[in-house]
Each structure stands twice: as C-alpha cells, then as structure tokens.
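Fold and geometry: a report
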Amino acid sequence: LVVEAGRYDQATRLFRETLAFVERHHGPASPMAALVHFQVSRMHQRRKDLKEQERALRRALAIVERHPDGELKRTPGWASDGVDSAMIAADLGYIYWEWRHYDQAYAWYERAHKAAPELSTTAVLMIAIPETMVILGFVVAVLILFRTAG
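Description of the structure in this document. (Residues numbered from 1 in each chain as written. Predicted model: local features only at pLDDT ≥ 70, side-chain atom pairs only at ≥ 80, totals over all residues. Heavy atoms only, no water.)

Describing unusual backbone geometry
If you check the backbone angles, Lys48 has positive phi at about 65° while not being a glycine. Its place among the elements puts Lys48 in the loop between helix 2 (31-47) and helix 3 (50-64). The phi dihedral of Arg100 falls on the positive side, at around 65°, and the residue is not glycine. Mapped onto the elements of the fold, Arg100 is located in the loop between helix 6 (85-98) and helix 7 (102-115). Look at Arg100 and you get exposed, because its relative accessible area is 51%. (Helix = DSSP H or I, 4+ residues; strand = E, 2+ residues; numbered from the N terminus. Buried < 20%, exposed > 50% of the residue type's maximum accessible area, 1.4 Å probe, protein only.)

As structure tokens, then:
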C-alpha cells in the first residue's frame with residue numbers, strides 16, 4: 001500500500017527492514033528473500049528506476065535458481081505473487097528492451113520462454129511488454145484479413 005501511495009522512501013525503509021528480518025530468520029538465499037527482492041523490483045518499476053529494478057531482479061533470480069520448484073511453491077506467499085524464473089527473465093527482458101539493448105532483451109525473453117515452454121514466445125513478449133499487445137493484436141488482425149481474402 002505504501003508503494004501504491006507513492007511513498008517510496010517509506011517503502012524502501014520497510015523493504016530493507018523486511019529483508020533484514022527474512023535474511024536473519026530464513027537466510028539470505030531463502031525463497032522468502034527472493035520474494036522481497038521481487039517486490040522491491042516492482043517498486044523500482046513503478047518509480048521507473050530500471051537500474052535498481054534490474055539489480056533487485058537479478059538478486060531474486062539468483063536465489064530462485066538455487067531452489068527446486070517444489071520448495072519454491074511451498075514458500076508462504078509464493079503462489080500469490082506468481083514469481084518464477086520465467087517471469088523474472090521476462091521482466092529483465094523488458095528492462096533491456098527499454099534501454100534499447102535488443103540483443104540482451106531477446107536473450108532474456110528466450111530464457112523466459114525456455115523456463116516456461118508451455119508459453120509461446122508471443123505470450124512471453126505480451127506479458128513483458130504490455131504495449132506489444134496492441135501491436136500484436138493489429139498484426140494478427142491484418143494476417144487474418146489477408147489469409148481470408150486470399
């Protein structure tokens with residue numbers, strides 16, 4: 001709620017306190033620490049601070065990759081946040097896309113796709129870049145029109 005209200009200084013302080021508590025009681029490489037880093041990344045995303053968002057996402061990903069999926073899913077709060085390596089990789093892809101580092105963005109999107117093979121590449125892009133939904137919708141509509149006309 002503090003983040004949604006735009007009180008980022010207070011949110012930053014609360015996240016630091018939460019992370020310190022989680023690291024002290026569960027360890028710095030615990031899935032709960034990954035959740036905190038992921039939430040911190042969301043705050044930085046709202047602030048449009050991509051550098052700090054990237055840092056928080058990389059920390060979350062480093063932790064997530066150390067744990068099997070079963071362990072992650074048993075972590076309190078994990079299911080409600082929808083955090084997984086595919087989502088984190090897609091978010092990192094978005095950051096690199098915004099920075100116009102398209103080769104790195106592509107690598108992250110590809111990694112997201114490999115982490116969640118049941119998603120198509122288009123779906124990963126649509127999750128990561130909301131603006132592409134409009135563009136892709138237009139492209140699909142045009143392709144359908146050409147296909148039915150031909």
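Now that the structure has been shown, the text picks up again.
Some details on the packing of aromatic side chains
Evaluated as defined, the whole model comprises 2 aromatic pairs. Ring geometry for Tyr96 versus Trp99: centroids 5.3 Å apart, planes at 90°, classification edge-to-face. Since its relative accessible area comes to 5%, Tyr96 is described here as buried. Residue class for Trp99 comes out partly exposed when judged on its relative accessible area of 28%. On the numbers, 4.8 Å between centres and 70° between planes, the contact of Trp97 with Tyr102 is edge-to-face. For Trp97, a relative accessible area of 32% translates into the label partly exposed. (Phe/Tyr/Trp six-rings, centres within 6.5 Å; stacked < 30°, edge-to-face > 60°.)

Looking at the packing of helix 6 against helix 7
Direction vectors running N to C along helix 6 and helix 7 enclose 165°, while the axes themselves pass 8 Å from each other. Classed by the angle they form, the pair helix 6 and helix 7 counts as roughly antiparallel. Crossing of helix 6 over helix 7 shows left-handed handedness. Residue-level contacts link Ser85, Ala86, Ala89, Ala90, Leu92, Gly93, Tyr94, Tyr96 and Trp97 of helix 6 to Tyr102, Gln104, Ala105, Trp108, Tyr109, Arg111, Ala112 and Ala115 of helix 7. Broken down by class, the residue content of the contact of helix 6 with helix 7 amounts to 13 nonpolar, 3 polar and 1 charged. (Axes fitted to C-alpha atoms, helices over the stretch in contact; angles between N-to-C directions. Parallel < 35°, antiparallel > 145°, perpendicular 65-115°, else oblique. Left-handed = near helix turned anticlockwise from the far one by under 90°. Contact = heavy atoms within 4.5 Å. Nonpolar A, V, L, I, M, F, W, Y, C, P; charged D, E, K, R; others polar.)

Details of the side chain of Ser41
Turning to its location among the elements, Ser41 is positioned in helix 2. Non-local contacts of Ser41, meaning those with residues more than four positions away in its chain, are made with Gln53, Ala56 and Leu57.

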